[in-house]
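# Structural description and commentary
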Amino acid sequence: MRVALKGINTATKRLSNGRVKRYYYHRETGVRLEGDIGSPEFVAAYSRAEQLVRERHTVGVFAGLVRDYMRSPEFRTQLAESTRREYARKLAFAEAEFTDLPIAALNNPRVKAPLMAWRAKVAETSGAREADYRLSVISAMLSWAVDNGVIETNHLKGFKRLYRSNRADVIWLPENIEAFMSAAPVEMQQALLLALHTGLRQGDLRKLCWSNYDGTHLTLRIGKNQRGGVQGPLVHIPCTRALRSMLDGMERRAAVILTTKEGRPFTARYFG
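All of these numbers come straight from a predicted model, not from anything done at the bench. Each chain carries its own residue numbering, running from 1 in the direction its sequence is written. A pLDDT threshold of at least 70 governs which residues receive local features in this predicted model, and a stricter bar of 80 or more applies before side-chain atom pairs are shown or counted, although totals over entire chains, interfaces and linings include all residues. No hydrogens and no water enter the side-chain calculation; it runs on all heavy atoms of the structure.

### Topic: the overall build of the protein chain
In DSSP terms, a helix is any run of H or I states spanning at least four residues, a strand is any run of E spanning at least two, and both are numbered starting from the N terminus. When helices and strands are counted, the protein chain shows 11 helices and five strands. Our radius of gyration looks at C-alpha atoms and nothing else; its globule reference is 2.2 Å times the residue count to the power 0.38. Against the compact-globule benchmark of 19 Å for 272 residues, the protein chain has a radius of gyration of 27 Å, which places it well outside the compact range. With the principal axes as the frame, the protein chain shows a C-alpha extent of 85 × 55 × 35 Å. Sorting the 272 residues of the protein chain into buried and exposed places 32% on the buried side. Contact definition: two residues touch when any of their heavy atoms are within 4.5 Å. Within the protein chain, counting contacts between residues at least 6 apart in sequence, those at least 24 apart form 48% of the total. Carbon and sulfur atoms form 51% of the exposed surface of the protein chain, whose accessible area is close to 17200 Å². The positive count covers Lys and Arg only, the negative count covers Asp and Glu only, and His and the chain ends enter neither. Taken as the charge centre is NZ of Lys, CZ of Arg, CG of Asp or CD of Glu, depending on the residue. Placing the 43 positive and 27 negative side-chain charges of the protein chain at their respective mean positions leaves the two points 4 Å apart. A simple rule labels every residue: compare its accessible area, found with a 1.4 Å probe on the protein chains alone, to the largest value its type can have, and call it buried under 20%, exposed over 50%, or partly exposed in between. Surface exposure here means Shrake-Rupley accessible area, sampled with a 1.4 Å probe, where a residue is shielded only by the protein chains that are shown.

### Side note on the nonpolar core
L65, Y69, I138, M141 and L142 are the most contacted members of the largest nonpolar core, which totals 27 residues. Going through the elements one at a time, α2 (62-71), α4 (81-98), α5 (112-126) and α6 (128-147) are the ones with two or more residues in this core. A total of eight residues in this core trace back to one element, the largest contributor, which is α6. Excluding residues within four positions of it along the chain, M141 makes contact with F62, L65, V66, Y69 and L91. Residues belong to one nonpolar core when they are buried, are Ala, Val, Leu, Ile, Met, Phe, Trp, Tyr or Cys, and are joined through side-chain atoms within 4.5 Å.

### Overview of the pattern of salt bridges
Just to be clear on terms, a salt bridge is a Lys or Arg side-chain nitrogen sitting within 4 Å of an Asp or Glu carboxyl oxygen. Following the criterion strictly, the structure yields nine salt bridges and no others. For E86, the salt bridge is made with R89, and the minimal N-O distance between the two is 3.3 Å. Of this pair, E86 and R89 both sit in helix α4, three residues apart, which is roughly one turn of the helix. Taking the relative accessible area as the measure of exposure, E86 reaches 28% and is therefore partly exposed. According to the relative accessible area criterion, R89 is partly exposed, its value standing at 36%. The residue E130 makes a salt bridge to R134 at a minimum N-O spacing of 2.8 Å. Highlighted residues: E130 and R134, both in helix α6, separated by four residues, approximately one helical turn. R134 carries the same exposure label as E130, and that label is buried. Bridged by salt links that share partners, the residues E86, R89, K90, E130 and R134 form one connected network.

### Side note on the side chain of R119
For R119, the position within the fold is in helix α5. R119 gets classed as buried once you look at its relative accessible area, which sits at 7%. Reaching out from R119, the side chain makes a polar contact with the side chain of D132 at a distance of 2.9 Å. Contact partners of R119, with chain neighbours within four places excluded, come to A131, D132, L135, F159, K160, R161 and L162. Pairs of N or O atoms are called polar contacts if they sit within 3.5 Å, as long as, within protein, a hydrogen donor faces a hydrogen acceptor (for residues adjacent in sequence, only side-chain-to-side-chain pairs).

### Digging into the sheet that holds strand β2 (residues 20-26)
If you walk across this open sheet you meet the three strands as β1-β2-β3, and the pairing is antiparallel. Only two strands of the sheet have a single neighbouring strand rather than two, namely β1 (8-14) and β3 (32-33). A pair of strands counts as paired when DSSP detects no fewer than two bridges linking them. Sheet topology note: the β1/β2 ladder contains seven bridges and is antiparallel. Looking at β2, one finds that R14 is bridged to V20.

### Topic: the packing of aromatic side chains
Each Phe, Tyr or Trp ring (for Trp, its six-membered ring) is paired with any other whose centre lies within 6.5 Å, and the angle between the two planes then decides the class: stacked below 30 degrees, edge-to-face above 60, tilted in between. Taken as a whole and judged by the stated rule, the model has eight aromatic pairs. Ring geometry for F266 versus F271: centroids 5.2 Å apart, planes at 70°, classification edge-to-face. Using a relative accessible area of 4% as the deciding quantity, one classes F266 as buried. One aromatic cluster in this structure is built from F62, F98 and W118. Sitting over a ring, as applied to charges here, requires NZ of Lys or CZ of Arg to be within 6 Å of the ring centre and within 35 degrees of the ring normal. Looking at R134, its charged tip hangs above the ring of F93, at a distance of 3.8 Å from the centre. The aromatic ring of F159 is capped on one face by R161, whose charged end is 4.0 Å from the ring centroid.

### So, the environment of W144
Residue position: W144 is located in helix α6. For W144 and R241, which are 97 residues apart along the polypeptide, the C-alpha to C-alpha distance reads 48 Å.

Below, the structure written as structure tokens:
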């Protein structure tokens, strides 16, 4: 596949053996690009030079702070993978809006006004919950910046939320459970029963293996407790009579307890 690369200077030099050697340089940085033009080595060198350009343009501004935060050990090792993905998505929106905002401006309390105005705009298009989430991720980044001496104060800390959660309408009543059980595929009935009788989160339910079950208890390490590379404590969940009856009567088609009708582990999207 041909790759069109721009901003390359070419220089030639006659070697002692009479051959003419051609050299390539990245125009903006002056970095020499090793390898033959278009080769994987050349393209990799070009990509590194372009990264240098991007970093030069983000030093001292909001975009650079986003880059540094996402490269930090706090971001890479102390957040769950799913949280990192969501934070990266929210920060991409924030970076697009505040790319050139000087980091020094974040120390001024008046910086809160444009941030809150942006949240109000997001709330109109994407809802209050999404707007609050985006601002809370920025606040988390600013707290990291304070802890690492980049800025003096997080002026978003403790901001008042727009979204108010009322989960009264999503509580499963006995008649809801009965309706589900009368119509759902058997593998989803099993999933619901396991959730009802253990209180486990989706990620833990999907990873639950037969080796975690000893006939009376489920023993596992809760995923939420295993962050920053720290192994969570073992949790022992007593099985109710109904749960034992279900587990003992299930066909063990895979290492994990819950599977699709084809006997495969559930993906997060399918299970959700």
